[in-house]
Amino acid sequence: MSETLITVRVARKETLAQEIALFELVPADGATLPPFEAGAHIDVHIGQGSTQFVRPYSLCNTPGQAATWQIGVLREEQSRGGSAAMHAWLKEGSTLQVSA
């Protein structure tokens, strides 16, 4: 069974601390995001071809919010590519795919 991917847009990217960014994601099509519970995570798909990464990130906003999902991403010094790509490539307005 294949996972359902949701296309989201980065509505806001904010530096929270050195090497930590908050990404606020909204549905690219203006729909509503699926509900989630505390402790939930999403799989972020970033890049293409041989430079595609799929990494899980915990949702950090209040459960029940269907308008946005928020994730905090630490840019790891020894990154295998995922967190470094998120920090380098994603800007406000960027689109990407996630799986719930």
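Refer to the preceding data block for the structure.
Below you will find a few notes about this structure.

Side note on the overall build of the protein
Link 1 in the chain: Within the protein one finds one helix and six strands.
Link 2 in the chain: When its helices and strands are written in sequence order, the protein yields β-β-β-β-β-α-β.
Link 3 in the chain: At 13 Å, the protein has a C-alpha radius of gyration in line with the 13 Å of a compact globule built from 100 residues.
Link 4 in the chain: Projected onto its principal axes, the C-alpha positions of the protein cover 35 × 35 × 25 Å.
Link 5 in the chain: Here the protein, with 100 residues, has 38% of them falling under the buried criterion.
Link 6 in the chain: Counted over contacts in the protein with a minimum sequence separation of 6, partners at least 24 positions apart contribute 62%.

Observations concerning the environment of Gln97
Link 1 in the chain: Structurally, the position occupied by Gln97 is in strand 6 (residues 95–99).
Link 2 in the chain: The sequence separation of Gln97 and Arg9 amounts to 88 residues, and the corresponding C-alpha distance is 8.7 Å.
Link 3 in the chain: Beyond its immediate stretch of four places on either side in the chain, Gln97 contacts Leu5, Ile6, Thr7, Asp43, Val44 and His45.

A word on the pattern of salt bridges
Link 1 in the chain: Scanning all chains against the criterion turns up two salt bridges.
Link 2 in the chain: Residues Glu14 and Arg12 are paired through a salt bridge, measuring 2.2 Å at the closest nitrogen-oxygen approach.
Link 3 in the chain: Measuring nitrogen to oxygen at the nearest pair gives 3.2 Å for the salt bridge that ties Arg12 to Glu24. One end of the pair, Arg12, is in strand 1 (residues 5–17); the other, Glu24, is in strand 2 (residues 20–27), with twelve residues separating them in the sequence.
Link 4 in the chain: Taking the relative accessible area as the measure of exposure, Arg12 reaches 28% and is therefore partly exposed.

Comments concerning the nonpolar core
Link 1 in the chain: Within the largest apolar cluster, 22 residues are counted, with the highest numbers of intra-cluster contacts made by Phe23, Leu25, Ile71, Met86 and Val98.
Link 2 in the chain: Those elements that provide at least two residues to this core are strand 1, strand 2, strand 3 (41–46), strand 4 (53–58), strand 5 (69–74), helix 1 (82–89) and strand 6.
Link 3 in the chain: Leave out the neighbours within four places in its chain, and Ile71 touches Ala21, Leu22, Phe23, Leu25, Ile42, Val44, Tyr57, Ser58, Leu59, Cys60 and Met86.

Quick word on the sheet that holds strand 4
One key point about sheets: their strands pair by backbone hydrogen bonds, in either a parallel or an antiparallel sense.
Link 1 in the chain: If you walk across this open sheet you meet the six strands as 4-3-6-1-2-5, and the pairing is antiparallel. Unpaired on one side and paired on the other, strand 4 and strand 5 mark the two borders of the sheet. Between one strand and the next, the sheet's axes are offset by a mean angle of 40°, whatever the strand orientation.
Link 2 in the chain: Its contacts with the sheet put helix 1 on strand 1, strand 2, strand 3, strand 4 and strand 5, and the angle it makes with strand 4 is roughly 85°.

Calculation criteria
Residues numbered from 1 in each chain as written. Predicted model: local features only at pLDDT ≥ 70, side-chain atom pairs only at ≥ 80, totals over all residues. Heavy atoms only, no water. Helix = DSSP H or I, 4+ residues; strand = E, 2+ residues; numbered from the N terminus. Rg over C-alpha atoms; globule rule 2.2 N^0.38 Å. Buried < 20%, exposed > 50% of the residue type's maximum accessible area, 1.4 Å probe, protein only. Contact = heavy atoms within 4.5 Å. Salt bridge = Lys/Arg side-chain N within 4 Å of Asp/Glu carboxyl O. Core = buried A, V, L, I, M, F, W, Y, C linked by side-chain atoms within 4.5 Å. Pairing = 2+ DSSP bridges. Axes fitted to C-alpha atoms, helices over the stretch in contact; angles between N-to-C directions.

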